[in-house]
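Understanding the architecture of this molecule
What follows is the residue order along each chain.
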Amino acid sequence: MVEAVLIDLFSLPSDLQNIQGLLCNTLETIEKCSSLPAPFVYVMCCQRQGSGRNSEQESLLPALRDFQSLKRRLEVVRALTTAAALYTIKQRLDEKDVSIIKVILPTLRRDLMKVYIDHLFTAVYQFEFEDLQVASGCKNLQIAEPWNKEQALLTQDVALIRSEIQMYLESLPSLSGGLVILRSSLIPDDIFLHGFTTRTGGISYIPTLSSCNLFSSSKRRDPQVVVKENLRRLANAAGFNPETFHRVKINHANTVCIMGKTEPDSYDAIVTNQKGVTIAAPGADCIPVLFADPVRKACGAAHSGWKGTLLGVSMATVNAMVSEYGCNVKDILVVLGPSVGPCCYKLPHESAKEFHRIDPKCVRLFDSASPYIDIRRATRILLESGGILPENIQDDSVTDQNQNITFCTACHPDKFYSHFRDGTNFGTQIGFISIKD
């Protein structure tokens, strides 16, 4: 069932004599044939350089004023570029939680539009395409052609579209305040560049993703291009090169990627001794864990959720640094980043049993159906059992709360994302580290 209709008039000249007739016929067909009483309708057109702010809308008013049933759900979106217009429409769709969209547009614009959509939307959205034409009845709107991603434009056309999108996103203001990067005094800043991000200073606008979301997936509404822009802004603020940035490919297990060797299909930790390469682990309740050896000048980053914690992903990272770079386990420094605390995090009783075996103090209300779990304590115990010195592990929730690194993500919605708190369409922060040149 189509939830919204986008009519693309962007490429049509403003003096086209029959533009009002085309629009009128299209709106009439929508009004007659829609399975909804009045679907959301967006008319996308070009705001000409030097034209009055409302000139395009005013020129279309004769075509729009007769459609009273659509009036409250019809909006004309004017912009200088297709990227700007389409991004604005995406914001409107997201405000209304709309995902199924029919696009009515000139035939020659179809392949171009598909490239824009591929970059600005994720698989959460479903698109159908209809040629813009004078329709005599309902048949035209009922038959929709599915999007065939295999149809390709020339490489230079795609490059121009990517450049247009990038320039537009770079022009957007940061939301929810400036970028804030949390740093640990345990990791020497003369050797390593590192930090943990918070949720402010990016351009992601959906409330549960706002604003510096640093992870995109097909199940969320934040596309890769927005995450890439957030990363660019973080890189500029932190001082690393986004082109040599590597983030773990989460599998909620204990596989470690050795930088410079064959990359596994998925892994929850990564280690390197290469200078100028920034490695990172995401977290939105799961722990982003950073590792640094100032003696051998090697570092690591791990994503430790409850499954990865039980599987020993943190010690797997330590062992990789020891075996690959000759690190001494007693020289390795470990910092636990923002993550869900035992104040908030619950697991089913069967899973809680595994943490209880590590240490009964890792579980609170053990006899309940969903006990509270302390994945940080379990991580510390496993690290210490593997030879990491207690004084070389930073977990502010027990060691030094003034350091303000190991916040509970669920308790601080103003500072951090939380899957546990925000649900499926959640944002992600990261912990990152690199060896300085």
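Each chain has its residues counted from 1, running along the sequence as written. Only residues with pLDDT of at least 70 get local features here, since the model is predicted, and only at 80 or more are side-chain atom pairs given and counted; chain-wide, interface and lining totals rely on the full set of residues. Calculation of side-chain values draws on the structure's entire complement of heavy atoms; hydrogens and water are dropped beforehand.

Labelled according to an unreviewed UniProt entry, the protein appears under the name Purine nucleoside phosphorylase LACC1, originating from Steatornis caripensis. What UniProt records for the protein under Sequence similarities (unreviewed entry) is the sentence "Belongs to the purine nucleoside phosphorylase YfiH/LACC1 family." UniProt positions are given in the numbering used here, feature names are shortened, and annotations may be inferred rather than shown by experiment.

**Some remarks on the overall build of the protein**
Only DSSP runs of H or I with at least four residues qualify as helices, and only runs of E with at least two residues qualify as strands; both kinds are numbered from the N terminus onward. If you tally the helices and strands in the protein, you get 13 helices and 19 strands. Using a 1.4 Å probe on the protein chains alone, a residue whose accessible area is under 20% of its type maximum counts as buried, one over 50% counts as exposed, and one in between counts as partly exposed. For the protein, the residues scored as buried account for 53% of the 437 residues in total. In the protein, the share of contacts with a sequence separation of at least 24, taken over all contacts with a separation of at least 6, comes to 70%. In this description, accessible areas are obtained by the Shrake-Rupley approach with a 1.4 Å probe, and a residue is regarded as covered only by the protein chains that are shown. Summing over all exposed atoms, the protein offers an accessible surface of approximately 19400 Å²; the carbon and sulfur share of this is 50%. We call two residues in contact whenever any of their non-hydrogen atoms come within 4.5 Å of each other.

**Details of the sheet that holds strand 9 (residues 245–247)**
In a beta sheet, neighbouring strands are held together by backbone hydrogen bonds and run either parallel or antiparallel to one another. Here a strand pair is declared whenever DSSP counts at least two bridges between the two strands. If you trace the five strands from one edge of the open sheet to the other, you get 7-8-19-12-9, paired in mixed fashion. Each having just a single partner strand, strand 7 (181–182) and strand 9 make up the two edges of the open sheet. Pairing analysis gives three bridges linking strand 9 to strand 12 (residues 278–283), with the strands arranged parallel. Residue His246 lies in a different strand from strand 12, and its bridge partner there is Ile279.

**Section: the packing of helix 7 (residues 155–171) against helix 8 (residues 224–238)**
Only the stretch in contact is used when a helix axis is fitted, and all axes are lines through C-alpha atoms; the angle between N-to-C directions ranges over 0 to 180 degrees. Packing of helix 7 against helix 8 leaves a shortest axis separation of 10 Å and a crossing angle of 55°. When the interaxial angle is binned, helix 7 and helix 8 end up oblique. Viewed along their axes, helix 7 and helix 8 form a crossing whose handedness is right-handed. Contact with helix 7, carried on its side by Ile165, Leu169 and Glu170, involves Val225, Val226, Glu229, Arg232 and Arg233 of helix 8 and no other residues of that element. Gly falls in the polar group here, along with every residue not listed as nonpolar (Ala, Val, Leu, Ile, Met, Phe, Trp, Tyr, Cys, Pro) or charged (Asp, Glu, Lys, Arg). Each residue belonging to the contact of helix 7 with helix 8 can be placed in one class, and the counts come to four nonpolar, no polar and four charged. Every angle not falling under 35 degrees, over 145, or within 65 to 115 is termed oblique; those three ranges are roughly parallel, roughly antiparallel and roughly perpendicular. Crossing chirality is assigned from the near helix's rotation relative to the far helix, an anticlockwise turn below a right angle marking it left-handed and a clockwise turn marking it right-handed.

**A closer look at the side chain of Thr88**
Relative to the assigned elements, Thr88 resides in helix 4 (residues 82–95). Definition of a polar contact: a pair of N or O atoms within 3.5 Å, with one able to donate and the other able to accept a hydrogen when the atoms are protein atoms, and with sequence-neighbouring residues admitted only if both atoms are side-chain atoms. Among the polar contacts made by the side chain of Thr88, one reaches the main-chain carbonyl oxygen of Ala84 at a distance of 2.9 Å. Aside from chain neighbours lying at most four places away, what touches Thr88 is Val77 and Tyr168.

**Quick word on the sheet that holds strand 11 (residues 269–272)**
If you trace the six strands from one edge of the open sheet to the other, you get 10-11-14-13-15-18, paired in mixed fashion. With one partner strand each, in any of the chains shown, strand 10 (256–258) and strand 18 (393–394) form the two edges of the open sheet. Sheet analysis places strand 13 (residues 287–293) next to strand 14 (residues 298–304), joined by seven bridges and oriented antiparallel. Within strand 14, the residue paired with Phe291 across the bridge is Gly300. Where helix 10 (residues 313–325) meets the sheet, its contacts fall on strand 10, strand 11, strand 13 and strand 14, and the angle it forms with strand 14 comes to roughly 160°.

**Quick word on the packing of aromatic side chains**
The aromatic pairing rule takes the rings of Phe, Tyr and Trp, using the six-membered ring of Trp, and pairs them if the centres are within 6.5 Å, calling planes under 30 degrees apart stacked, those over 60 edge-to-face and the rest tilted. Within this structure, the stated rule accounts for eight aromatic pairs. Ring geometry for Tyr87 versus Tyr168: centroids 5.8 Å apart, planes at 70°, classification edge-to-face. One end of the pair, Tyr87, is in helix 4; the other, Tyr168, is in helix 7, with 81 residues separating them in the sequence. Seen from their ring centres, Phe240 and Phe245 are 5.8 Å apart, and the 15° between their planes marks the pair as stacked. Classification of Phe240 by relative accessible area gives buried; the value is 7%. Judged by its relative accessible area of 12%, Phe245 falls in the buried class. Chaining the aromatic ring pairs together yields one cluster made of Tyr87, Tyr168 and Tyr205. Counted as over-ring charges are cases with an Arg CZ or a Lys NZ within 6 Å of the ring centre that also lie within 35 degrees of the ring normal. The ring of Phe129 carries Lys114 above its face, with NZ or CZ at 5.3 Å from the centroid. One residue, Arg364, lies across the ring of Tyr372, its end atom 4.3 Å from the ring centre.

**With respect to helix 4**
With 14 residues, helix 4 should cover 20 Å at 1.5 Å per step; its first-to-last C-alpha distance of 20 Å lies within 8% of that length. Burial analysis of helix 4 places eleven of its 14 residues in the buried class, which makes it a mostly covered element. What helix 4 keeps buried is the set Thr82, Ala83, Ala84, Ala85, Leu86, Tyr87, Thr88, Ile89, Lys90, Leu93 and Asp94. Positive phi appears at Asp97, one or two residues downstream of helix 4, with a value of about 55°. An expected span of 1.5 Å times one less than the residue number is assigned to each helix.

**Points about the pattern of salt bridges**
Salt-bridge detection follows one rule: a side-chain nitrogen of Lys or Arg within 4 Å of a carboxyl oxygen of Asp or Glu. Enumeration over the complete set of coordinates arrives at 18 salt bridges. In this structure, the salt-bridge partner of Glu170 is Arg232, at a minimum N-O distance of 3.6 Å. In this pair, Glu170 is assigned in helix 7 and Arg232 in helix 8, connecting sequence segments 62 residues apart. Where Glu350 meets Lys353, a salt bridge forms, and the shortest distance between an N and an O atom there is 3.0 Å. With a gap of three residues between them, Glu350 and Lys353 both fall in helix 11 (residues 349–358), about one helical turn apart. Of the residues examined, Glu350 reaches a relative accessible area of 55% and is grouped as exposed. Note on Lys353: relative accessible area 28%, which makes it partly exposed. The network of salt bridges with common partners includes Lys90, Asp94, Asp97 and Arg221.

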